[in-house]
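Structural features, examined
Spelled out, the chains give:
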Amino acid sequence: MDFSIKASDWQVSLVATVGAGFVVAAGAYFMTFYSPTVSADTSARFRFYGIGFGAGGNLGGWSLPGILPDSWTSIPCARPFCIWELNGATGAIGNAGVGVAINVGQTNMMATIGPDTLFDFDGDIGLSSAFGAGFSGLQGTYGLKGESNYIPQPDPTAWA
């Protein structure tokens, strides 16, 4: 995967989250970014650490690839960007969810480089495996963790 190729067809999958708050909140999000323009068979793993406001907590949540048919969300990009630009970008993540074993929630994400916005979108309401209930609005930074072979799988029921 060439981390310098700019693309506007990015998708993201939240792999795990951990957070807690009582007015002041902190959280860690682990996610994977994929663009078929950049690489057909690899993706980039990222982490987002942030602090902000919130209430409640999440002992740990993780996506359910292989159980849920689609854990990927298309990112409406403000402009094409590359992995190197996202690495170290500041951003914000807002989240609200509730569940025991199966969590229902929504996550909103934004990333900027100075005044330049890479993306800012409200994610879909989704399912994950988690234990907790709460909401938070966090500001922090994205950090590259490496490559992954976790990519979206084609829908087996779709026509070829």
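Residues numbered from 1 in each chain as written. Predicted model: local features only at pLDDT ≥ 70, side-chain atom pairs only at ≥ 80, totals over all residues. Heavy atoms only, no water.

Mapped onto the elements, Glu 85 comes out in helix 1 (residues 83–86). The exposure class assigned to Glu 85 is buried, which follows from its relative accessible area of 18%. Aside from chain neighbours lying at most four places away, what touches Glu 85 is Lys 6, Arg 79, Pro 80, Ile 113 and Leu 118. (Helix = DSSP H or I, 4+ residues; strand = E, 2+ residues; numbered from the N terminus. Buried < 20%, exposed > 50% of the residue type's maximum accessible area, 1.4 Å probe, protein only. Contact = heavy atoms within 4.5 Å.)

This part takes up the pattern of salt bridges. Taken as a whole, this structure holds 3 salt bridges when the rule is applied. Between Glu 85 and Lys 6 there is a salt bridge; the shortest N-O distance is 3.6 Å. Of the two residues, Glu 85 is situated in helix 1 and Lys 6 in the segment before strand 1 (11–34); the sequence distance between them amounts to 79 residues. Overall, Lys 6 belongs to the partly exposed group, its relative accessible area being 48%. In this structure, Glu 85 and Arg 79 form a salt bridge, with 2.9 Å as the shortest nitrogen-oxygen distance. (Salt bridge = Lys/Arg side-chain N within 4 Å of Asp/Glu carboxyl O.)

For the rest of this paragraph, the subject is the confidence of the model for the protein chain. Averaged over every residue, the pLDDT of the protein chain is 84; residues scoring 70 or more account for 79%. Between the elements of the protein chain, mean pLDDT differs from a low of 81, seen in strand 4 (residues 90–113), to a high of 98, seen in helix 1. (pLDDT = per-residue confidence, 0-100.)

The next subject is the packing of aromatic side chains. Here the structure, examined in full by the defined rule, presents 12 aromatic pairs. Arranged with centres 5.3 Å apart and planes meeting at 80°, the rings of Phe 33 and Phe 46 form a pair that is edge-to-face. Residue Phe 33 is located in strand 1, and its partner Phe 46 is located in strand 2 (residues 43–62); the two are separated by 13 residues in the primary sequence. A relative accessible area of 0% places Phe 33 in the buried class. In this structure Phe 46 comes out as buried when scored by relative accessible area, which is 1%. Judged by centre distance (6.1 Å) and plane angle (65°), the ring pair of Tyr 34 and Trp 72 falls under edge-to-face. Residue Tyr 34 is located in strand 1, and its partner Trp 72 is located in the loop between strand 2 and strand 3 (73–74); the two are separated by 38 residues in the primary sequence. Here a set of aromatic residues connected by ring pairs shows up, and it is made of Trp 10, Tyr 29, Phe 33, Phe 46, Phe 48, Phe 81, Phe 119, Phe 121 and Tyr 142. (Phe/Tyr/Trp six-rings, centres within 6.5 Å; stacked < 30°, edge-to-face > 60°.)

One finds Met 31, Phe 33, Leu 86, Met 109, Phe 119 and Tyr 142 to be the most contacted residues of the largest nonpolar core, which totals 25 residues. Where this core is concerned, the elements lending two or more residues are strand 1, strand 2, helix 1, strand 4 and strand 5 (116–148). Residues within four places of Leu 86 in sequence aside, it is in contact with Phe 33, Phe 46, Phe 81, Ala 111, Leu 118, Phe 119 and Tyr 142. (Core = buried A, V, L, I, M, F, W, Y, C linked by side-chain atoms within 4.5 Å.)

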